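Descriptive analysis of the structure
Residues per chain are reported as follows:
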Amino acid sequence: MRVLVVTAVAAERDAVTSGPAAPLETAVPGFALHRRAPAGPGAPPVVLDALAAGVGPAAAAAGTATALTAAALSGSPYDLVVSAGIGGGLTGSPTVPGAPVGSLVVSDAIVAADLGAETPEGFLPVTDLGFGTVEHRPPAALVAAVAGATGARPGTVLTVSTVTGSAARAAELAARHPGALAEAMEGFGVAEAAAAHGVPVLELRAVSNPVGPRDRAAWRIGEALGALAAAFRQLSPALAAYSAERSEVTP
Ligand SMILES: O=C(O)c1cccc(C(=O)CC[C@H]2O[C@@H](n3cnc4c(=O)[nH]cnc43)[C@H](O)[C@@H]2O)c1
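Looking up the chain in an unreviewed UniProt entry gives the name Futalosine hydrolase, with the organism given as Streptomyces stramineus. Quoted straight from UniProt, the Sequence similarities (unreviewed entry) entry for the chain says "Belongs to the PNP/UDP phosphorylase family. Futalosine hydrolase subfamily." UniProt, in its Pathway (unreviewed entry) section for the chain, records the words "Quinol/quinone metabolism; menaquinone biosynthesis."

Below is the structure:
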């Protein structure tokens, strides 16, 4: 199974590929790929290529599309794309679950939260204007496999172009997206590129900060990168099992 993992920055990419052996570096036009190959005989047959594409949905889409196109043209297309990195966790309430700092979230939906129009009556998603899409849904069996292997909480991951910085905005997003557990800035861009290539997509986020009033000094980036690295070390067996099950039912 060939998996493309797209992060925003190099520190996230290096967490994804961390392990006993240094990753192999290759290149696609404009981007470096860091490859983690199966560790040896008996290791899960998962080749993981990690790419730091930049911050935000546009950079993420450009990097993802470039890597997917290069792989398809070389005759070795990817089977899965994962958007991964740190993210903000929604804080929840006594009745709605949240995602605390240090926890993991796996997307059962990847939603563009600010793609639309502001109107006197409130925000309208682009779909209400008759355009495109604002949501991608990863395969449910894959979400369950990743949640089981890593302990990640399944929920909606929002993609925003502006990091939430106030309690009012956090409350607005939570009200509009009751299933949301996390926000980040790349997932929807990665998912749009994956959808254009017909490749399944997933988002995995390690929570570095609560979504709410801005307090950059309180971000626990090291803790979140550690959780991300641990998750990716547990992921390959789950991905291999998912892939094997799929090839049994799809000849
Ligand atoms: O300074 C560092 O060492 C460092 C290491 C890894 C990542 C960063 C970033 O600043 C990455 C930016 C990245 O973070 C995501 N993110 C994290 N929290 C939130 C949030 O509350 N709302 C939206 N996005 C968030 C986002 O995907 C950015 O790409 C720094």
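Some details on the UniProt feature "domain: Nucleoside phosphorylase" (unreviewed entry) in the chain
Per the UniProt annotation, the sites labelled "domain: Nucleoside phosphorylase" (unreviewed entry) are residues 53-217. The straight-line gap between the two end C-alpha atoms of residues 53-217 is 25 Å; of that span, 29% is helix and 31% is strand.

Topic: the confidence of the model for the chain
When the pLDDT values of the chain are averaged, the result is 95; 99% of them are 70 or greater. Both scores are given for the predicted complex: the pTM is 0.96, the ipTM 0.93.

Looking at the side chain of Ser103
With respect to the secondary-structure elements, Ser103 resides in the loop between strand E5 (80-89) and strand E6 (104-112). The class of Ser103 is buried, set by a relative accessible area of 11%. For Ser103, the side chain forms a polar contact with the main-chain oxygen of Pro100, separated by 2.6 Å. Setting aside residues up to four positions removed in sequence, Ser103 forms contacts with Arg153, Arg205, Ala206 and Val207.

Quick word on the pairing of strand E1 (residues 2-7)
When you tally the buried positions in E1, you get six out of six residues, the bulk of the element. Of the two faces of E1, both are covered, the one formed by Arg2, Leu4 and Val6 as well as the one formed by Val3, Val5 and Thr7. When E1 meets E5, the two strands line up parallel, connected through four bridges. Its bridge partner being in E5, Leu4 is matched across the sheet by Val81.

Let's talk about the packing of helix H2 (residues 57-73) against helix H5 (residues 187-196)
A pair of packed helices is captured by two measures, namely the crossing angle of their axes and the spacing between those axes. At a minimum axis separation of 7 Å, H2 and H5 run at an interaxial angle of 30 degrees. As judged from the angle between their axes, H2 and H5 are roughly parallel. Crossing of H2 against H5: the hand is right-handed. Side by side, H2 and H5 meet where Pro57, Ala60, Ala61, Thr64, Ala65 and Leu68 of the first sit next to Gly189, Val190, Ala193 and Ala194 of the second. Of the residues assigned to the contact of H2 with H5, the class counts are eight nonpolar, two polar and no charged.

Concerning the environment of Phe232
The residue Phe232 is located in helix H6 (residues 221-249) in this model. Here Phe232 falls in the buried class, since its relative accessible area comes to 1%. Between the C-alpha atom of Phe232 and that of Ala15, which follows or precedes it by 217 residues, the distance is 8.1 Å. Ignoring anything within four residues of it in the chain, the contact list for Phe232 reads Val5, Val16, Arg36, Leu48, Val82, Ala84 and Leu204.

Considering the site of the ligand
Taken together, 18 residues sit near the ligand, with Glu183, Met185, Glu186, Asn209 and Trp219 positioned nearest. Within the side chain of Glu186, one N or O atom sits 2.5 Å away from an oxygen atom of the ligand. One of the side-chain N or O atoms of Arg205 is found 3.4 Å from an oxygen atom in the ligand. The protein chains hide 82% of the 610 Å² of surface that the ligand would expose on its own. Of all the secondary structure elements, the ones that give two or more residues to the shell around the ligand are E5, strand E11 (180-184) and strand E12 (201-210).

Scoring rules and cut-offs
- Residues numbered from 1 in each chain as written.
- Predicted model: local features only at pLDDT ≥ 70, side-chain atom pairs only at ≥ 80, totals over all residues.
- Heavy atoms only, no water.
- UniProt positions renumbered as here; feature names shortened; annotations may be inferred.
- Helix = DSSP H or I, 4+ residues; strand = E, 2+ residues; numbered from the N terminus.
- pLDDT = per-residue confidence, 0-100.
- Buried < 20%, exposed > 50% of the residue type's maximum accessible area, 1.4 Å probe, protein only.
- Polar contact = N/O pair within 3.5 Å; in protein donor to acceptor, adjacent residues only side chain to side chain.
- Contact = heavy atoms within 4.5 Å.
- Pairing = 2+ DSSP bridges.
- Axes fitted to C-alpha atoms, helices over the stretch in contact; angles between N-to-C directions.
- Parallel < 35°, antiparallel > 145°, perpendicular 65-115°, else oblique.
- Left-handed = near helix turned anticlockwise from the far one by under 90°.
- Nonpolar A, V, L, I, M, F, W, Y, C, P; charged D, E, K, R; others polar.
- Near = heavy atom within 4 Å.
- Areas by Shrake-Rupley, 256 points an atom, 1.4 Å probe, with all protein chains shown as cover.

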